[in-house]
Amino acid sequence: MDILYKIFIDPFVQMGTAPDLLVQTLWDGLVAGVLYALIALGFVLIFKASGVFNFAQGIMVVFAALTLVGLHEHGVPAFVALGLTVLVMLVLAVGVERLMLRPLVNQSSIILFMATFGLTYFLIGAGQIVFGGSPKVMIASDLFLPSGAIEFKGLGGFVSLQKIDIAAVIIASVMVGVLAVFFQRTRIGRALRAVADSHQAALSVGISLEQIWVIVWFAAGVVAIATGILWGARSEVSFALQIIALKALPVLVLGGLTSIPGAIVGGLIIGIGEKLGEFYWGPLLGGGIENWLAYVIALGVLVFRPQGLFGEKIIERI
Amino acid sequence: MLYREVGQYKTSYAADMAIFPILQDRIGLAAILLIAFVVIPLVGHDFLLNTVMIPFLIFTLAAIGLNLLTGYTGLLSLGTGGFMGVGAYACLKLTTIFPHVNIVIWVLASGLFSAAVGVLFGLPSLRIKGFYLAVATLAAQFFLEWCFIRIPWLYNYSVSGAIEVPLRTLMGIPVTGPTATSLTRYLIVLSIVVVMTWVASNLVHGRIGRTWMAVRDMDLAAELVGIRLLRAKLLAFAVSSFYCGVAGAMMVFLWYGGAEAEVFAIDQSFLVLFMVIIGGLGTLTGSFFGAALIYILPIVLREIPAALGLPVHPSTVEQLTFVIVGVLIIVFLALEPNGLARLWQIGKQKLRVWPFPY
Amino acid sequence: MRAPSSREVRLGEALLAVENVSLAFGGVRALTDVSFDIRKGEIRAIIGPNGAGKTSMLNVINGFYPPNTGRITFKGEARTTMRPYAAALGGIARTFQNLALFRGMTTLDNIMAGRALKMHRGFFWQLIRHGPALREEVEHRRRVEEIIDFLEIAAIRKVQVGRLPYGLQKRVELGRALAMEPDLLLLDEPMAGMNLEEKEDMSRFILDVNQQYGTTIALIEHDMGVVMDLSDRVVVLDYGRKIADATPDEVKCDKNVIRAYLGEPHGISA
Ligand SMILES: Nc1ncnc2c1ncn2[C@@H]1O[C@H](COP(=O)(O)OP(=O)(O)OP(=O)(O)O)[C@@H](O)[C@H]1O
Ligand SMILES: [Mg+2]
């Protein structure tokens with residue numbers, strides 16, 4: 001009885017009696033969720049246009065952040081370093097298309113997926129060889145990102161919002177908006193969507209498949225830079241971030257692999273769900289459930305909806 | 001007359017279905033076993049046994065386990081590390097509770113526990129496929145890792161939070177624990193790996209192996225020829241996790257002599273997966289090649305420059321390994337999805353017709 | 001061509017009856033209120049223009065799609081839905097329009113896989129692959145070799161099927177279905193994309209299977225010549241509806257059928 005009380009009643013009582021803590025937890029979850037969504041967005045871009053489930057997206061985030069900070073360490077001014085990082089991501093996109101996607105064309109999707117594990121390891125190794133393995137500090141202030149916190153009194157206590165988190169939410173929302181417009185309104189965007197339906201359609205718009213691959217990988221790289229800056233500014237820049245980046249995977253399967261709104265909603269569900277779970281139910285299990293809750297939530301959803309929350313129902317043909 | 005003809009058919013098909021139908025292959029196998037069981041124990045010193053052979057064999061077993069699931073049945077798992085961990089912790093608990101039972105029995109029995117856990121996490125595989133399933137196995141990986149850290153009962157409440165391997169003897173000879181010699185441990189590991197490889201080869205060459213490969217290649221058609229998908233997939237999860245569990249138990253009890261939960265983290269899952277990919281998906285020989293390449297690569301990267309008087313920093317070795325392994329994965333997937341095992345076959349084929357090019 | 005009189009004699013009672021089956025995918029109505037039967041021992045052709053619902057019909061029969069309405073009676077047992085596994089167990093085998101072979105396996109293994117339901121040696125015998133497990137394997141191997149000889153594919157026994165040319169793959173797929181020793185064999189365009197010679201071979205195999213083993217066959221085929229030669233009775237589907245059900249000769253002259261095919265790229269070629 002006691003345990004049932006602790007699971008089903010007590011957490012809600014706590015939420016009611018200390019609303020400030022609840023709001024604080026929700027906010028933390030929201031910020032984490034927005035960042036997950038941003039990584040997931042990179043996945044969706046690539047998956048939609050090339051059918052590749054890019055496991056390396058999380059590492060691309062770390063790699064981008066590391067490049068940016070590493071260049072700055074070598075005396076390159078912040079915004080020049082940012083420009084160079086964009087260039088590096090372009091080179092990466094071209095390299096991936098030439099050296100990985102082209103030779104693997106027509107392979108089954110699971111093989112392509114595994115190939116991106118190779119890319120992941122390559123980026124981890126190469127990134128460390130070039131920029132060193134020790135954690136670095138994001139050059140947030142050089143990029144005019146705010147620091148410090150705003151505190152609100154009320155709700156029987158106070159809620160504190162980090163300014164960088166507010167910036168993260170704003171920047172992420174803007175990026176999502178821009179990408180949505182890009183997909184819906186521009187010629188290239190429409191071609192990208194066409195490619196998702198049929199490669200023939202894309203060719204008829206006059207864009208080759210190869211070009212499209214480069215474009216989406218580059219777009220995903222730019223999203224990775226933004227994610228890397230924001231995330232790096234909240235903690236530090238190191239390959240330990242990859243474990244957090246992996247969380248984008250459950251976000252993705254929750255939202256469905258092809259849906260941008262899905263990625264966002266999935267990110268929020270996972271972000272808020274795991275923070276609430278950790279704060280209110282975690283202590284019952286000794287804490288640390290944040291590490292697996294996201295995956296278990298995704299697993300639970302998949303069992304009932306194998307196509308994710310937003311994916312279209314797949315009727316297999318034979 | 002009729003009887004004889006029946007007998008003829010039987011022997012000829014049975015011979016045709018033998019796993020090594022070619023004489024040279026059988027001789028080669030015998031030679032390898034001789035070297036492994038006799039020559040290496042005679043000439044091998046601690047470095048060779050402890051740093052090369054024992055880990056190589058243990059990784060091979062884990063790779064075979066994962067290969068049964070991913071290479072043969074087509075179910076991609078990222079939970080190998082977790083399943084190996086289940087074996088290690090189960091073995092610790094078993095030998096703690098029943099200290100007088102032969103430790104080798106517990107090493108094998110611990111595989112049953114990972115098999116059970118594997119089946120549990122394999123249940124969703126009926127509905128979930130491809131990378132969705134891979135993500136689902138991540139749930140197993142992270143959940144199990146968490147259990148290893150947060151449930152003190154599992155590591156006998158040791159202060160360090162690590163597994164401390166107790167001394168266990170077999171007929172008076174120490175087998176596990178600090179006083180066990182590397183030779184004893186090597187021979188036990190070798191025997192287990194040889195027997196389990198033989199069993200795996202029996203499975204994949206028979207009805208069950210066909211069932212698995214049918215599920216891998218076209219699951220819908222498999223169901224239409226009367227294969228029960230859930231059963232086939234769960235059996236693959238069970239057998240695969242059994243192998244991984246035994247590998248995990250051996251890793252801690254017969255190699256490290258003690259380990260923290262970190263050993264069974266996701267990196268381990270990837271390492272074993274890479275062995276499978278590079279060695280060759282769906283070939284058992286490949287698992288040996290893959291384990292050799294991935295495990296021995298860093299040793300070579302470290303030792304060769306050191307021998308040339310250019311010592312390389314350990315972290316550089318690790319980073320270089322990452323880069324090389326990453327590139328190898330892409331290269332093999334693109335050019336030779338059947339991995340090193342396929343290259344080996346092509347090499348043998350060339351030898352067979354040598355010296356004539358065709 | 002066989003004489004009509006012998007045909008009547010061959011036909012037994014209904015092995016399978018489809019009653020008022022309808023099936024829709026979202027807005028697409030693949031089948032609407034279709035009824036027909038397949039009698040024991042006959043070769044039943046199902047024809048119709050592209051997208052008429054022929055493949056969907058086979059998918060309903062072997063349990064791959066549950067129909068929205070209607071029911072199916074097989075061997076006297078009525079059912080609305082069942083798993084494909086149960087269909088296989090009941091004796092329904094199948095080939096596919098777009099090939100569904102186990103591409104990574106050899107010809108031999110593919111056909112051996114068709115014996116899945118007939119092999120019973122348990123897991124523990126499989127672990128050692130000696131004694132009963134090996135005996136069973138050899139016994140079924142002999143049966144499979146007969147099929148391989150029958151289909152004249154002995155030379156490609158140990159070749160991975162993914163590397164075979166299309167025509168041979170179709171043959172291997174037929175072999176896999178035959179290995180199940182089915183009571184009802186469903187063939188979805190077994191001759192699509194074949195040249196004349198390959199078509200003749202395939203026709204011969206189908207007739208032989210029907211005559212030697214008495215296997216009942218449902219056949220989807222676009223080539224009217226083949227349909228005329230092989231089939232005892234023909235069902236014609238168009239836009240998911242049954243528009244005719246008669247002997248080949250009658251169907252050829254049916255007004256509705258001719259109208260359905262007019263404007264279709266392939267038309268009737270007899
Ligand atoms: N899994 C599915 N999901 C959605 N629509 C489907 C599915 N399978 C079939 N259809 C639709 O149902 C209709 C009938 O298809 P079916 O494949 O049965 O036709 P068919 O007669 O076999 O044609 P063909 O001669 O081209 O093989 C078509 O409009 C097709 O697009
Ligand atoms: Mg069809």
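Residues numbered from 1 in each chain as written. Chains lettered and ligands numbered in written order. Predicted model: local features only at pLDDT ≥ 70, side-chain atom pairs only at ≥ 80, totals over all residues. Heavy atoms only, no water.

## Digging into the interface of chain C and chain B
What counts, and what does not: Contact definition: two residues touch when any of their heavy atoms are within 4.5 Å. Using a 1.4 Å probe, buried area is obtained as the accessible area two parts lose upon being combined, added over both of them. In the sections that follow, a salt bridge refers to a side-chain nitrogen of Lys or Arg positioned within 4 Å of a carboxyl oxygen of Asp or Glu. Each polar contact in these results corresponds to two N or O atoms within 3.5 Å; when the atoms are within protein, one needs to be able to donate a hydrogen and the other to accept it, and residues that are neighboring in sequence are counted only if both atoms are side-chain atoms. A run of DSSP states H or I qualifies as a helix once it reaches four residues; a run of E qualifies as a strand once it reaches two. Both are numbered from the N-terminal end.
If you look at the interface, chain C gives 41 residues, while chain B gives 34 residues. Among the residues chain C hides against chain B, the three largest losses belong to C:Tyr85, C:Phe102 and C:Arg129. Together they make up 18% of the total. Seen at the junction of chain C and chain B, the total is two salt bridges. Across the chain C-chain B interface, the total number found is nine residue pairs in polar contact (both at pLDDT 80 or more). Those elements that place two or more of their residues in the side of chain C that touches chain B are helix 3 (84–90), helix 4 (107–113), helix 5 (123–128) and helix 6 (132–150) of chain C. The element that contributes the greatest number of residues to the side of chain C that touches chain B is helix 6 of chain C, accounting for seven residues.

## A few points about the interface of chain A and chain B
Rules: In this classification, the charged set is Asp, Glu, Lys and Arg, the nonpolar set is Ala, Val, Leu, Ile, Met, Phe, Trp, Tyr, Cys and Pro, and all remaining amino acids, among them Gly, are polar.
Taken together, the 49 residues of chain A in the interface contact 39 residues of chain B. Interface of chain A and chain B: buried area, both sides summed, is about 4000 Å²; carbon and sulfur atoms make up 80% of it. Among the residues chain A hides against chain B, the three largest losses belong to A:Met114, A:Tyr121 and A:Trp292. Together they make up 17% of the total. Across the chain A-chain B interface, the total number found is zero salt bridges. Residue assignment for the side of chain A that touches chain B shows that the elements contributing at least two residues are helix 5 (78–101), helix 6 (109–131), helix 12 (248–255) and helix 14 (290–304) of chain A. When residues in the side of chain A that touches chain B are grouped by element, the largest group, 16 residues, is from helix 6 of chain A. Here the residues of the side of chain A that touches chain B sort into 36 nonpolar, 10 polar and three charged.

## Notes on the coordination of the magnesium ion (ligand 2)
All names here are of chain C. What counts is decided by this rule: With water excluded from the atoms, a metal site may look incomplete; its donors are any N, O or S atoms within 2.8 Å, or within 3.2 Å for Na, K and Ca. Only protein chains enter the accessibility calculation, which uses a 1.4 Å probe. A residue is then buried if its area is under 20% of the maximum for its type, exposed if over 50%, and partly exposed in between.
Protein coordination at the magnesium ion (ligand 2) comes from Thr55 (OG1) and Gln97 (OE1), with a distance range of 1.8 to 2.1 Å. Residue Thr55 is found in helix 2 (residues 54–61), and its partner Gln97 is found in the loop between strand 6 (92–94) and helix 4; the two are separated by 42 residues along the sequence. A residue is classified by how much of its surface remains accessible, and Thr55, at 17% relative accessible area, is buried.

## Description of the pairing of strand 3 (residues 173–176) of chain B
Residues and elements named next belong to chain B. Under the convention used in this document: DSSP-based pairing: two strands are paired if at least 2 bridges between them are found.
When strand 2 (residues 168–170) meets strand 3, the two strands line up antiparallel, connected through three bridges. Note that in strand 3 the partner of Thr169 across the bridge is Pro174. Counted along the chain from strand 2 to the antiparallel partner strand 3, the turn is two residues long, and its residue Met171 has a positive phi close to 50°.

## A look at the confidence of the model for chain C
All names here are of chain C. Short version of the rule: On a range of 0 to 100, pLDDT expresses the predictor's confidence in each residue.
With 92% of its residues at a pLDDT of 70 or more, chain C shows a mean pLDDT of 88. Confidence drops under a pLDDT of 50 for residues 1–6, and excluding neighbours within four residues, the segment shows nine contacts in the predicted structure. Note that residues 265–270 has pLDDT below 50 and, in this model, 14 contacts with residues that lie over four places away or in other chains. Predicted complex, confidence summary: ipTM 0.89, pTM 0.90.

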